[in-house]
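Listed below, chain by chain, are the residues.
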Amino acid sequence: MSAVSNDWRYALRQVGRQPWQSLVVVLTLGTAIGLVTVLFSIFNTVMFRLWPVKDPGRMVRVTSVTPRGETGLSVAEWSHLAHHARSVSGLVANDCGGLSGAILDGRRVYYDCVSTQYFQVLRIPLALGRAFLPQENPLEQGRSEAPHGVAVISHDLWRTTFGSDPTVVGRTLAFKQSEAQDGVPLKVVGVAAPGFNGPGAFRVDLWVPLLIARYFHLGRETTLRQMSHPSVCCRVAGRLADGAMREQARAELQLLSDQFRTSLGKPRGSIRVSDTS
């Protein structure tokens, strides 16, 4: 205790001798600590928040862990898992390329390519119209026909750009990724519920069927080759089935993944199932 008392007395004497320098040090430390706290709070809110969907605690991410690191799944592998897994009530995918900018009827927007069951599995209601239908993207069933040119737009885009006009559902809009490209007609089939702009930290203005951008701009053959290539991957998320636990889902998805990769003569990867927060 005497050593501690001596340290305090020495510190107080130093403060008394150089009060202004001591004040600057205290203020600097306080500002730095406050800044770190604020930045961590922002990071924690953005990166570790639960997804803004119904019952988010039942949502999980599904990734593949290989010697090269953690990645998404190929579209073909995701499709195999989605059609055979029973421990999840649904597996959805979106393009691993992330959000892309595009031009929709002359307006700059950000879009995401998603699987047709995206809104149903996330349990996002539609303010107007409907969500995608499975038959609108034959590529998900391994068929080579072109996906339909359909889109669901965000409630914010509907309100700010289209003036909350209900007749926008059913309207065909010109969609292109740059001014140099020819436009692809997209029919608006639905408007998402207010407040939903995607589960991530970045705004999504509209959603289109998975692989549609690749199909129309790269062609059918290239897109079909890319579906099973691991470098062209998709982010995968699922909703646990009633009564199913995360480890149960991981074990089943690992078995299905091993079967799929073995059938193609590809090395196996380790499936990781984690929460979305």
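Please read all numbers here as calculations on a predicted model, not as lab measurements.

**Q** How should the overall build of the protein chain be read in this particular structure?
**A** A count of helices and strands for the protein chain gives eight helices and 13 strands. Expressed as a percentage of its 277 residues, the buried residues of the protein chain come to 40%. Taking the intrachain contacts of the protein chain between residues at least 6 apart in sequence as the baseline, contacts between residues at least 24 apart amount to 71%. Of the roughly 14,800 Å² that the protein chain leaves accessible, carbon and sulfur atoms contribute 59%.

**Q** Looking at this model, I keep getting lost on the packing of helix 3 (residues 75-84) against helix 8 (residues 246-263). Mind explaining?
**A** Between two packed helices, what matters for the description is the angle formed by their axes and the separation of those axes. As a packed pair, helix 3 and helix 8 sit with axes 10 Å apart at the nearest point and diverge in direction by 130 degrees. Judged on the interaxial angle alone, helix 8 and helix 3 are oblique. When the axes of helix 3 and helix 8 are compared, the crossing they make is right-handed. Here Ala76, Glu77, His80, Leu81 and His84 of helix 3 lie close against helix 8, whose contacting residues are Glu252, Leu253, Leu256, Ser257, Phe260 and Arg261.

**Q** Before we go on, may I ask you to explain the nonpolar core in this structure?
**A** Taken as a class, soluble globular proteins show a tendency for nonpolar side chains to be buried jointly. Residues Val62, Trp78, Leu91, Ile153, Leu206, Val208 and Leu253 are the most contacted members of the largest nonpolar core, which totals 40 residues. Not counting residues up to four positions away in its chain, the partners in contact with Leu91 are Val62, Trp78, Leu81, Ala82, Ser115, Val236, Ala237, Gly238 and Leu253. Core analysis: the second largest hydrophobic core is formed by 19 residues, Val121, Val152, Ala192 and Val204 among them.

**Q** It is not clear to me how helix 8 should be interpreted in this structure. Could you clarify?
**A** Because an α-helix completes one turn every 3.6 residues, residues spaced three or four positions apart along the sequence face the same direction. Spanning 18 residues, helix 8 covers 26 Å between terminal C-alpha atoms, matching the ideal 26 Å at 1.5 Å per step. For helix 8, the set of buried residues is Ala249, Leu253, Gln254, Leu256, Ser257, Asp258, Phe260 and Arg261. Lining the buried residues of helix 8 we find strand 1 (59-66), strand 3 (73-74), helix 3, strand 4 (88-95), strand 12 (233-240) and strand 13 (270-275). Directly after helix 8, the chain includes Gly265, whose backbone phi takes a positive value near 70 degrees.

**Q** What am I meant to see in helix 3 here?
**A** Three or more residues of helix 3 are buried, namely Val75, Ala76, Glu77, Trp78, Ser79 and Leu81. Tucked inside the fold, the buried residues of helix 3 contact strand 3, strand 4, strand 12, helix 8 and strand 13.

**Q** Explanation requested: the environment of Val189 in the structure shown.
**A** Position of Val189 among the secondary structure elements: in strand 10 (residues 184-192). Linking Val189 and Val168, residues 21 residues apart in sequence, is a C-alpha distance of 8.6 Å. Once residues within four sequence positions are removed from consideration, Val189 is found in contact with Leu128, Gly129, Arg130, Ala131, Phe132, Val150, Ala151, Val152 and Val169.

**Q** I tried to follow the packing of aromatic side chains on my own but got confused; where do I start?
**A** Centre-to-centre distance and the angle between the planes together describe a pair of aromatic rings. Inspection of every chain in the model, using the stated rule, returns six aromatic pairs. Measuring from centroid to centroid gives 6.4 Å for Phe119 and Phe196, while their planes differ by 70 degrees, and the two rings are edge-to-face. With Phe119 in helix 4 (residues 118-122) and Phe196 in the loop between strand 10 and strand 11 (206-209), this residue pair connects regions lying 77 residues apart in the sequence.

**Q** Teacher, can you tell me more about the pattern of salt bridges here?
**A** Oppositely charged side chains may form a pair once their charged atoms are brought near each other. Counted under the stated rule, the structure contains nine salt bridges. A salt bridge links Arg203 to Asp205; its shortest N-O distance comes to 2.8 Å. The exposure class assigned to Asp205 is buried, which follows from its relative accessible area of 5%. Where Glu247 meets Arg250, a salt bridge forms, and the shortest distance between an N and an O atom there is 3.1 Å. Here the residue Glu247 and the residue Arg250 both occupy positions in helix 8, the gap between them amounting to three residues, near one helical turn. Given a relative accessible area of 26%, Arg250 falls into the partly exposed group.

Quick notes on the rules
- Residues numbered from 1 in each chain as written.
- Predicted model: local features only at pLDDT ≥ 70, side-chain atom pairs only at ≥ 80, totals over all residues.
- Heavy atoms only, no water.
- Helix = DSSP H or I, 4+ residues; strand = E, 2+ residues; numbered from the N terminus.
- Buried < 20%, exposed > 50% of the residue type's maximum accessible area, 1.4 Å probe, protein only.
- Contact = heavy atoms within 4.5 Å.
- Areas by Shrake-Rupley, 256 points an atom, 1.4 Å probe, with all protein chains shown as cover.
- Axes fitted to C-alpha atoms, helices over the stretch in contact; angles between N-to-C directions.
- Parallel < 35°, antiparallel > 145°, perpendicular 65-115°, else oblique.
- Left-handed = near helix turned anticlockwise from the far one by under 90°.
- Core = buried A, V, L, I, M, F, W, Y, C linked by side-chain atoms within 4.5 Å.
- Expected span 1.5 Å × (residues − 1).
- Phe/Tyr/Trp six-rings, centres within 6.5 Å; stacked < 30°, edge-to-face > 60°.
- Salt bridge = Lys/Arg side-chain N within 4 Å of Asp/Glu carboxyl O.

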